[in-house]
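Structural overview for review
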Amino acid sequence: LLAMLVFAACLLPETVAAKKSKKSKKDSTSTSSSTSSSSSSTDEATPTVAPPSHFFSASAIASAESLARTSLSQSDSTACAQLRALRVLNTLSSKKQPKQDAALCQLASRTVSSAAAELSEVACALDLQRELACSSPSSVAEGTLQTLTADKWSATSSATELLSAAKVLASSTSASASTSVDAIFAQAASIYAASKGSTSALSGTDAELLAFLHSELAQSLFSASSSSAAELLPPADKCARGVAKALRSALTPTQAAPSSASLSNVAALLRAGASFAALRDTAFSLSSNHINEYSSFLVGAEHVFNVEQSYDVFCTARQITQWSLAKAVVVSAADSSLDLSNKDSNVRVIVSNIFGEKIPSVAQVMLVRAVDAQAQSVLANQELQINAAKEYELNMLATRPLPGIYTLNMMVRPSSEEYLNVESVDLSIKVVTQLAAKDLSVSVVDSADFKRSTQEEKLATFGSTWKSLEASVFNSLLVRVSVVDENSGRAASAEQVSVILQSVDHPERVITVAAQSETAGSYVATVNLRTNGAKVHFLSGEFRCTLLVGGAYSKRSLQWALGTVHITYPPKLHRQFNEQLVSSPRDEPLPEIVHQFRQPEERPAETISYLFTLLVLSPLGALLLALPLVGANLSNVPAGASFYAIGFQAVIGATMVLFMFYFLQLNMFQTLGYLSVLAVLAFVFGQRALRALYLQRKQSKKTKSD
């Protein structure tokens, strides 16, 4: 009864899990057959994915264009590499590659007519001929078609081979091509059928194959060559839904930098999706979250290292900015800083696609809220106005903001449904000002108590200078200055306020950082001429005094030439400094560092060790010699149990040998492991031997009594 109860308890969770799995399969089936309206309703329940934070940078585009031009200039490049480079260049450059390019047309012709060329290279060469509109395009070689017809297209054929074969057959007018058409359609149908029950089984090359076989180029030849081939391929509507299903699971929002494998797969899926979106009567659709997600993914991969990555990023990005689905919108700041000293400075916002091309018509660009670094709201619910440059402006200076970092939450609603709405996006604006210094005073004081002042100069305005001051090694320069905001006149804080003493005759100088006093905007720098004398080698002479003021929110740093100071050092200090430099020149190597390890302990001589070993083994030798003397023999070995008796003695001997190895090389745990095995053997052999000896003695007593 207890066993039955345990079995039922174990079976119950499996039954519940089976019911849940059946329910999830039913739900996934209904989800896959749902329309775009159901996917949009799902979006409302999920968090909104932010649009791309920026568009492709000019440096990234220039780098990709340079890679493409370099590839086109190489004569040993393959047809596929030249085709990708051509497409990248035509996508990014305003100067399109001219038609009838002789070198590329010759490369394509050689590849098509070569019997040793791979199938993928032949397909790329045919695409290259079509895009360049070569004057005498080469027909597909008969040997290539024979290779296609001889191929059985087994289950091991990859989607890349199928796609290449389909492109080659679509470019041929030979009657022998019809025998491979049925095999390609059947294999493509099996690829789609295998991925029907899985969300992410449809790879990028599979999707591109299905998209190409539904294109007008393939259907025009295949429908004429074979009447049954079109029936083998799933309808375009089902294939489009399969591609959309794979796209919804191909990229997770947490994926950061894309690997080359994931980039190529995602790019191929997006290109296939764009092809299905261009077909009529297809239900290919992606939610706004996925469109923003994939747009951000491509923009994040803008720094490419080869032509293949350039093609996957930029050509795919161009396709998703031209497809019939909605496009992602990028909201960016034209200038990340706002200058308080320029009264005409406004916040300027650019609304564009991922290539930085401005959207022609936007219904509303709204500032929802602007907050400072302390999350305090400074402005809200303001609509931006368009200017002549098709940028959207906001006068933020009307709120009289303080210098600092501000976060602007924006909302954008394009006029056309071709673009997605941006419900919330944050822009960072740095408000800067110009710092000014005034009310500067310098005093030459005694370094001992800082009270007695021998000289003092005051400079009220920036740019004024003092006459030459006199100081000695026993003095210090005490510099006080006030830092204010040039626009408002209020006291301001600066991250850097320094006083520099630069020798007129030598490159040596002294830099002293000023400390902020208790009064806001007031800074004090104390330059001790004795302790800082080594920095100028105790050389007497004229020194230029300069004040530097800089801040994180200052438009530019401030440099104020204050005047000169004549400093007198005793010649004795200069000589001592030079002698110290000569006694310890910097160019000589430092003394070698020798590590002192612990000296090994002294050990006795080898003869003493050998003698001790013999003394330890002497009892064993004495035992072996004494056994015959005391009458030891094998007469008491029990009859019929000699094996166990000898085994018992052997185990005892093995135990002694184990103790010897423990002394020489084994550790405690190894010894205990071996000893546990010997103990079991000793127990078995000893018990059998002693039992046989007992029975032998019992039998002998019984015989004597009889």
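Residues numbered from 1 in each chain as written. Predicted model: local features only at pLDDT ≥ 70, side-chain atom pairs only at ≥ 80, totals over all residues. Heavy atoms only, no water.

1. Digging into the state of the cysteines
In plain terms, the rule: In this description, the term disulfide denotes a pair of cysteine sulfurs within 2.5 Å. Strands here are runs of E lasting at least two residues and helices are runs of H or I lasting at least four, both read from the DSSP assignment and numbered beginning at the N terminus. For every residue, the accessible area obtained with a 1.4 Å probe (protein chains only) is divided by the maximum for its type, and the residue is called buried under 20%, exposed over 50%, and partly exposed between those limits.
Summed over all chains, the structure comprises two disulfides. Note on cysteine connectivity: Cys80 is disulfide-linked to Cys124, with sulfurs 2.1 Å apart. For the disulfide bridge between Cys80 and Cys124, the dihedral angle about the S-S bond is near 90°, and by the sign convention the bridge is right-handed. With a gap of 44 residues between them, Cys80 in helix H4 (residues 79-92) and Cys124 in helix H6 (residues 119-132) connect regions that are remote in the sequence. When sorted by exposure, Cys80 lands in the same class as Cys124, which is buried. Residue Cys105 pairs covalently with Cys134 via a disulfide, S to S 2.1 Å. Given an S-S torsion of about -90°, the disulfide between Cys105 and Cys134 has left-handed geometry. Here Cys105, found in helix H5 (residues 102-113), pairs with Cys134, found in the loop between H6 and helix H7 (142-150); they are 29 residues apart in sequence, far enough to count as distant.

2. So, the side chain of Thr91
Just so we agree on the cut-off: In protein, a polar contact means a hydrogen-donor-capable atom and an acceptor-capable atom, both N or O and within 3.5 Å, with residues adjacent in sequence counting only if both atoms are side-chain atoms; elsewhere, any N or O pair within 3.5 Å suffices. Throughout, a contact is declared for two residues whenever any of their heavy atoms are within 4.5 Å.
If you trace the backbone, Thr91 turns up in helix H4. Residue classification places Thr91 among the buried positions, given a relative accessible area of 18%. Within the local environment of Thr91, its side chain forms a polar contact with the backbone oxygen of Arg87, the two atoms lying 2.7 Å apart. Every residue in contact with Thr91, bar those within four places of it in the chain, is listed here: Phe314, Cys315, Arg318 and Phe355.

3. Some points on helix H8 (residues 159-170)
Quick note on the threshold: Residue count minus one, scaled by 1.5 Å, sets the expected span of a helix.
Its twelve residues place the ends of H8 16 Å apart at the C-alpha level, agreeing with the 16 Å of an ideal helix rising 1.5 Å per residue. Inspection of H8 places Ala159, Leu162, Leu163, Ser164, Ala165, Ala166, Val168, Leu169 and Ala170 among the buried residues, and these make up the whole buried set.

4. Considering a nonpolar patch on the surface
Put simply, the rule is: Residues with no salt bridge and a relative accessible area higher than 30% make up the patches, which join like charges within 9 Å and nonpolar side chains (Val, Leu, Ile, Met, Phe, Trp, Tyr) within 5 Å. Residue-level accessible areas treat just the shown protein chains as cover; the underlying method is Shrake-Rupley with a 1.4 Å probe. Put simply, a salt bridge is a Lys or Arg side-chain nitrogen that is within 4 Å of an Asp or Glu carboxyl oxygen.
Taken together, the side chains of Leu620, Leu623, Leu624, Leu627, Leu629, Val630, Ile652 and Met656 present a nonpolar region at the surface, about 810 Å² in accessible area. Sort the elements by how many residues they give to the nonpolar patch and helix H18 (residues 606-629) lands first, with five residues. Under the relative-accessibility criterion, Ile652 is labelled partly exposed at 36%.

5. Regarding the sheet that holds strand E10 (residues 435-446)
Where we set the bar: In this description, strands pair whenever DSSP reports at least two bridges between them.
In spatial order, the strands read E11-E10-E13-E17-E16; together these five strands make up an open sheet with antiparallel pairing. Strands with a single pairing partner mark the edges of an open sheet, and in this sheet they are strand E11 (453-459) and strand E16 (515-516).

6. Comments concerning H4
Between its terminal C-alpha atoms H4 stretches 20 Å, which fits the 20 Å expected from 14 residues at 1.5 Å a residue. In terms of burial, H4 is largely enclosed, as eleven of its 14 residues are buried. Three or more residues of H4 are buried, namely Ala79, Cys80, Ala81, Gln82, Leu83, Ala85, Leu86, Val88, Leu89, Thr91 and Leu92. Here the buried face of H4 lies against helix H3 (58-73), H5, H6 and helix H16 (307-320).

7. Focus on the packing of H4 against H6
Basically, it comes down to this: As a rule, the C-alpha atoms of each element are fitted with a line to give its axis, helices using only the stretch in contact, and angles between N-to-C directions run from 0 to 180 degrees. If you view the pair so one helix is near and one far, a crossing is left-handed when the near helix is turned anticlockwise from the far one by less than a right angle, and right-handed when it is turned clockwise. Each residue receives one of three labels: charged for Asp, Glu, Lys and Arg, nonpolar for Ala, Val, Leu, Ile, Met, Phe, Trp, Tyr, Cys and Pro, and polar for the others, Gly being one of them.
Between H4 and H6, the shortest axis-to-axis distance is 8 Å and the interhelical angle comes to 35°. Handedness of the H4/H6 crossing: left-handed. Two secondary-structure elements touch here, H4 through Ala79, Cys80, Gln82, Leu83, Leu86 and Arg87 and H6 through Ser120, Glu121, Cys124, Ala125, Asp127, Leu128, Glu131 and Leu132. Of the residues belonging to the contact of H4 with H6, the class tally is eight nonpolar, two polar and four charged.

8. Overview of the packing of aromatic side chains
To keep things clear, this is the line we draw: Only Phe, Tyr and Trp rings are paired, with Trp represented by its six-membered ring, and only when their centres lie within 6.5 Å; those with planes under 30 degrees apart are stacked, over 60 edge-to-face, the remainder tilted. Two conditions define a charge located above a ring, namely a distance within 6 Å from the ring centre to NZ of Lys or CZ of Arg, and an angle within 35 degrees of the ring normal.
Scanning the entire structure with this criterion turns up eight aromatic pairs. On the numbers, 5.5 Å between centres and 90° between planes, the contact of Phe538 with Tyr569 is edge-to-face. Taken together, the residues Phe538 in the loop between strand E17 (522-528) and strand E18 (541-550) and Tyr569 in the loop between strand E19 (558-568) and helix H17 (571-583) connect sequence positions 31 residues apart. When its relative accessible area of 5% is taken as the criterion, Tyr569 is described as buried. Taken together, Phe56, Phe314 and Phe355 form an aromatic cluster joined through their ring pairs. Looking at Arg318, its charged tip hangs above the ring of Phe355, at a distance of 4.0 Å from the centre.

9. Remarks on the pattern of salt bridges
Taken as a whole, this structure holds 14 salt bridges when the rule is applied. A salt bridge links Glu65 to Arg69; its shortest N-O distance comes to 3.1 Å. Highlighted residues: Glu65 and Arg69, both in helix H3, separated by four residues, approximately one helical turn. For Asp237, the salt bridge goes to Arg241, with nearest N and O atoms at 2.3 Å. Pair noted here: Asp237 and Arg241 are both in helix H13 (residues 236-250), with a separation of four residues, about one helical turn. By relative accessible area, Asp237 is classed as partly exposed at 23%. Overall, the relative accessible area of 26% leaves Arg241 in the partly exposed class.

10. Overview of the environment of Leu338
Relative to the elements of secondary structure, Leu338 occurs in strand E2 (residues 337-339). Accessibility expressed as a relative area gives 0% for Leu338, which makes it buried. Taking C-alpha positions, Leu338 is 6.0 Å from Lys430, a pair spaced 92 residues apart along the chain. Leave out the neighbours within four places in its chain, and Leu338 touches Ser345, Asn346, Val347, Met396, Leu397, Ile429, Lys430, Val431 and Val432.

11. Looking at unusual backbone geometry
The residue Arg400 is not glycine, and still its phi comes out positive at about 50°. With phi around 60°, His537 is a residue other than glycine that occupies positive phi space. Inspection of the secondary structure assignment puts His537 in the loop between E17 and E18. Residue classification places His537 among the partly exposed residues on the basis of a relative accessible area of 25%.

12. Comments concerning the sheet that holds E18
The strand order across the open sheet built from five strands is E12-E19-E18-E14-E15, with neighbouring strands paired in mixed fashion. Each edge of the sheet is formed by a strand with only one pairing partner; in this case those strands are strand E12 (469-472) and strand E15 (509-513). Mean inter-strand twist for the sheet, computed between neighbouring axes without regard to direction, equals 30°. Bridge count for strand E14 (residues 496-503) against E18 is eight bridges, and the pairing is antiparallel. Residue pairing across strands places Gln496 opposite Gly550, the latter belonging to E18.

13. Notes on the nonpolar core
Burial of nonpolar side chains together is a common tendency in soluble globular proteins. Going by this rule: Joining through side-chain atoms within 4.5 Å is the link that ties buried Ala, Val, Leu, Ile, Met, Phe, Trp, Tyr and Cys residues into a set, and such a set is a nonpolar core.
Phe56, Leu213, Phe276, Phe284, Phe314 and Trp323 are the most contacted members of the largest nonpolar core, which has 88 residues in total. In terms of nonpolar packing, the next biggest core, distinct from the first, is built from 39 residues, Val442, Ala525, Phe543 and Val565 among them.

14. Some details on the pairing of strand E3 (residues 347-352)
Two faces make up the sheet, and in a regular strand the side chains alternate between them. Within E3, five of the six residues are buried, which leaves it mostly tucked inside the rest of the structure. Pairing between E3 and strand E7 (residues 392-394): three bridges, direction antiparallel. Within the sheet, the bridge partner assigned to Val349 lies in E7 and is Tyr392.

15. Digging into the confidence of the model for the protein
What counts is decided by this rule: As a per-residue measure, pLDDT reflects the predictor's confidence and takes values from 0 up to 100.
When pLDDT is averaged along the protein, the result is 81; 82% of the residues meet or exceed 70. Within the model, pLDDT remains below 50 along residues 1-45, and this stretch shows eight contacts once partners closer than five positions in the same chain are excluded.

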